[in-house]
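Summary of the model geometry
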Amino acid sequence: MSSLLDLLKDGETIIVAEGYIFEFERRGYLKSGSFVPEVVLEHPDLVKALHEEYIHAGSDVVLAFTYYAHREKLKLVGKEDQIERMNMEALRIAREVADKHGKLMAGNICNSCVYQTGNQETIEKTKAMFKEQVEWAVRGEADYIVAETFGDYGEAALALEAIKQYGNGLPAVVTLSSHMTLYTEDDVHIGEACRRLEEAGACVVGLNCGRGPPTIIEVLKEVRKMCKGPIACLPVPYRTNKEQPTFFSLTVPGTDKAAFPLNLSSCLCTRDEIATFAKEAKAIGTQYVGLCCGMAPHHLRIISEIYGKNAPASLLDLLKDGETIMVAEGYIFEFERRGYLKSGSFVPEVVLEHPDLVKALHEEYIHAGSDVVLAFTYYAHREKLTLVGKEDQIERMNMEALRIAREIADKHDKLMAGNICNSCVYQPGNQKAVEKTKAMFKEQVEWAVRGGADYIVAETFGDYGEAALALETIKQYGNGLPAVVTLSSNMTLYTEDDVHIGEACRRLEEAGACVVGLNCGRGPATIIEPLIEVRKACKGPIACLPVPYRTNKEQLTFFSLTVPGTDEIASFAKEAKAIGTQYVGLCCGMAPHHFRIISEIYRKNAPASQYAPEVHKHYIFGDQSKNKDYFTQKVVFIKDHNFCRKYDPSPLIT
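Treat the numbers as computed from the prediction; the structure is a model and nothing was measured.

1. Topic: the overall build of the protein
A count of helical and extended segments in the protein gives 24 helices and 16 strands. Burial analysis of the protein (654 residues in total) assigns 57% to the buried set. For the protein, the share of sequence-separated contacts (at least 6 apart) that also reach a separation of at least 24 residues comes to 74%. With an accessible surface of roughly 27900 Å², the protein has 51% of that area assigned to carbon and sulfur atoms.

2. Re the environment of Q555
Structurally, the position occupied by Q555 is in the loop between β14 (542-545) and α23 (568-579). In the structure, Q555 is positioned 33 residues away from R522 in sequence and 9.2 Å away in space, judged by C-alpha atoms.

3. Observations concerning the layout of surface pockets
Put simply, the second largest pocket is a space of about 840 Å³. In terms of lining residues, the second largest pocket is bounded by 32 residues, among which R26, S265, L268, Q476 and N479 are the most central. Contributing elements (two or more residues each) for the lining of the second largest pocket: α2 (20-26), α12 (297-306), α19 (431-450) and α20 (464-477). Examining the composition of the lining of the second largest pocket, we find that five residues originate from one element, α19, more than from any other. Residues that form the lining of the second largest pocket fall into these classes: twelve nonpolar, eleven polar and nine charged.

4. A word on the pattern of salt bridges
Here the structure, examined in full by the defined rule, presents 44 salt bridges. Note that K225 is salt-bridged to E222, the shortest N-O span being 3.2 Å. Of the two residues, K225 and E222 both sit in helix α10 (residues 213-226), three residues apart, roughly one turn of that helix. Overall, E222 belongs to the buried group, its relative accessible area being 18%.

5. Remarks on the sheet that holds β14
The strands that make up a sheet are held in pairs by hydrogen bonds between backbone atoms, and each pair lies either parallel or antiparallel. Pairing in this open sheet of six strands is parallel, and the strands run β9-β10-β11-β12-β13-β14 from one edge to the other. At either end of the open sheet lies a strand with only one pairing partner, and these are β9 (372-374) and β14. Across the sheet, the mean angle separating the axes of adjacent strands is 25° when strand polarity is ignored. Relative to strand β12 (residues 483-487), strand β11 (residues 455-461) runs parallel, the two sharing four bridges. In the sheet register, I456 faces β12, and the bridge partner there is A483.

6. Some thoughts on the nonpolar core
In this structure, F24, F65, Y144, V174, F247, Y288 and I303 are the most contacted members of the largest nonpolar core, which totals 116 residues. At eight residues, the largest contribution of residues to this core is made by helix α6 (residues 83-101). In this structure, A401, M416, V445 and L469 belong to the second largest nonpolar core, which totals 80 residues.

7. Here we look at the UniProt feature "binding site: Zn(2+)" (unreviewed entry) in the protein
UniProt's entry tags C209, C292, C293, C520, C587 and C588 with the feature "binding site: Zn(2+)" (unreviewed entry), counted in the numbering of this structure. Checked against the lining of the second largest cavity, the annotated residues reduce to C292 and C293. For C209, the location among the structural elements is in the loop between β6 (204-208) and α10. Overall, the relative accessible area of 7% leaves C209 in the buried class. Residue contacts for C209: discarding those within four places in its chain leaves T149, S177, I216, L234, P235, V236, F247, C292 and C293.

8. Topic: the side chain of T437
As for its placement among the helices and strands, T437 is situated in helix α19. Owing to a relative accessible area of 0%, T437 belongs among the buried residues under this scheme. Polar contacts involving the side chain of T437 include one to the main-chain carbonyl oxygen of A433, which spans 2.8 Å. Those residues in contact with T437 that sit more than four places away from it in its chain are S423, V425, Y426, E466 and L469.

9. Some thoughts on unusual backbone geometry
With an omega dihedral of 0°, the bond running from F260 to P261 counts as a cis peptide bond. For P261, the location among the structural elements is in the loop between β7 (231-234) and α11 (271-284). The phi angle at D187 is positive, at roughly 65°, despite the residue not being glycine. In this structure, D498 is a non-glycine residue whose phi angle is positive, near 70°. Residue position: D498 is located in the loop between β12 and α21 (501-510).

10. Brief notes about α20
Side chains of residues three or four places apart in an α-helix project in the same direction, reflecting 3.6 residues per turn. Helix length check: α20, at 14 residues, gives a terminal C-alpha distance of 20 Å against a target of 20 Å (1.5 Å per residue), a fit within 8%. For α20, the full list of buried residues reads Y464, G465, E466, A467, L469, A470, L471, T473 and I474. Those residues of α20 hidden inside the fold are in contact with β10 (415-421), α19, β11, β12 and α21. A positive phi of about 55° marks N479, the residue just after α20.

11. Considering the sheet that holds strand β3 (residues 104-110)
With parallel pairing, the eight strands of this open sheet are ordered in space as β1-β8-β7-β6-β5-β4-β3-β2. Looking at the sheet topology across the chains shown, the edges are occupied by β1 (14-17) and β2 (61-63). The sheet shows a mean angle of 25° between the axes of neighbouring strands, direction not considered. Taken together, the four bridges between β1 and strand β8 (residues 288-291) define a ladder with parallel strand orientation. Within the sheet, the bridge partner assigned to V16 lies in β8 and is G290. Relative to β8, α11 is tilted by about 165°, and along the sheet it contacts β7 and β8.

12. Quick look at the environment of F24
Checked against the element boundaries, F24 lands in helix α2. In this structure F24 comes out as buried when scored by relative accessible area, which is 1%. A sequence separation of 15 residues divides F24 from V39, and the C-alpha atoms of the two residues are 7.8 Å apart. Once residues within four sequence positions are removed from consideration, F24 is found in contact with Y29, L30, V39, L46, V47, L50 and F65.

13. Here's the deal with empty space enclosed by the protein
Overall, the coordinates contain seven cavities of 30 Å³ or more when judged by the stated rule. There is about 280 Å³ of room inside the largest cavity. Along the wall of the largest cavity there are 23 residues; nearest its centre are P297, H298, A453, D454 and L481. Secondary-structure elements contributing two or more residues to the lining of the largest cavity are α4 (44-57) and α12. For the lining of the largest cavity, the element with the most residues is α4, which contributes four residues. Residues that form the lining of the largest cavity fall into these classes: ten nonpolar, six polar and seven charged. If you add up the space inside the second largest cavity, you get close to 110 Å³.

What counts, and at which threshold
Residues numbered from 1 in each chain as written. Predicted model: local features only at pLDDT ≥ 70, side-chain atom pairs only at ≥ 80, totals over all residues. Heavy atoms only, no water. Helix = DSSP H or I, 4+ residues; strand = E, 2+ residues; numbered from the N terminus. Buried < 20%, exposed > 50% of the residue type's maximum accessible area, 1.4 Å probe, protein only. Contact = heavy atoms within 4.5 Å. Areas by Shrake-Rupley, 256 points an atom, 1.4 Å probe, with all protein chains shown as cover. 1 Å grid on protein atoms, 1.4 Å probe; cavity = no way out; pocket = protein on both sides within 12 Å on 5 of 7 lines; lining within 4 Å. Points joined across faces, edges and corners; volume = space filled by probe spheres on them. Nonpolar A, V, L, I, M, F, W, Y, C, P; charged D, E, K, R; others polar. Salt bridge = Lys/Arg side-chain N within 4 Å of Asp/Glu carboxyl O. Pairing = 2+ DSSP bridges. Axes fitted to C-alpha atoms, helices over the stretch in contact; angles between N-to-C directions. Core = buried A, V, L, I, M, F, W, Y, C linked by side-chain atoms within 4.5 Å. UniProt positions renumbered as here; feature names shortened; annotations may be inferred. Polar contact = N/O pair within 3.5 Å; in protein donor to acceptor, adjacent residues only side chain to side chain. Expected span 1.5 Å × (residues − 1).

As structure tokens, then:
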């Protein structure tokens, strides 16, 4: 990897993701207010994962998460004794991820929270704090050091002096945080302050934090006028304005309530606003660019694309370019077939019990041509796990599935999708069931964001209303991730809540799904008819993922198919056993679930028998008494073996 100085000399743009503090607070692993990065010690794997997300979005740099890991902040929360360990662990994680991807790794120091202009005691204290963090950055093998978010020119100059004195020759990037005027807190014009820092030896100077894209460009132009070398700009992604130029001064739209720090989401920039900023920053000649507090990966990817950098392709980009996205699904059935998952309950225990097998199946599907690694979180929702007594494992199961999927996707440069599905509890018009469903979607969507998903698949909905609820939840809690929403067409061209399948998809498309369509339920022979209706109604990309079963005009879905004859494998095993066959098995075409049946007929204790079918736990065909709080659907079989679902007019929920 070329050094920072070499890249800058060659005219390269450096794309940088910051904002770790806000992102971990948003994800629930860091306290707002004190903003101390305890997560480095408490959840190092999550720090590593966020570095990976930011690289995936286009960052050229892994910034060690040592922001506010200084003595003053840690003393404030009673963790001063952890300061060296926290810094060194953050640097170790950053170095590991940077080396893995061939990226630069930067150490990080910031405003001290104690510096006062002209107060020698605070100056010495600040300098001592900078010294120890700079020395740790050197020990941690940083490629350069970022000194940032200084309101005072004097403190920024002190930080640069510390890097030059104790940084063992490492380059310094020094950025100021511009607040309400074009002057620093110690009354130096921003452009002049940056010029002085440049002349004092900073290889990059400029702005970060404080102002959002709409109000930082004015200040950036002043920096560009005064400085000859590379300049930096990393605003916060919030919609600041002339009256409220910083995110500290923003109010919640339509109110006088302060937005900072807990209500800033109401002021978040759109993708188009981020793109506008990137174009303006590029035109000014900004060579070190990114976003600070509040940044999400999809924001950074937009900047990367404006600058012509090759971030991994997004789903939206591929769709826009007319690419076909090949997607392998069916993990539930495949693991049941292989003997690692129970038919009926269909809960993906295999994620925790045999993670290497999940990894291997992702590899198989990629080998077969899939462009996407779909995290195996289908039916890993609260209702299903409660049904099998494993509700306490829900977060671990989801996060492990997402971790595995992200690892394999990164290895093969594929997209990784989070996955939510029908809740098994939703009922139209039943507010309690609707709220429970939304809560289930919310937690899985938030885990998908934490797990670094590139987009989220919401699938197998029989009801338009539930699909719309899933999309709404992705938009609300998905941090801007694109949504693919698919319905499961059953016996008619209408959803279970009586919306024409084409109309349902059209509404979902207009509500913001980037792909809509059909999955599951029908096989290849019977899914084309509803697919034509979807194509007629929708303008954008449509999806179709049927089940690979021989459905027909009389038996439209795989739920309604009947077995030609009897259960052949079980019958064979019984007959062979009765004859006294002592050496028994299956040959070409055998699958594990077939073999398990023979083993069970012979009363052998195969490990796979723990995953023998439990159809009584299925949400449609199962024992309704097990779902008495929410299960009000009746499965009605008619003479041609098809089924329809009917809703009890007297809901059990009150």
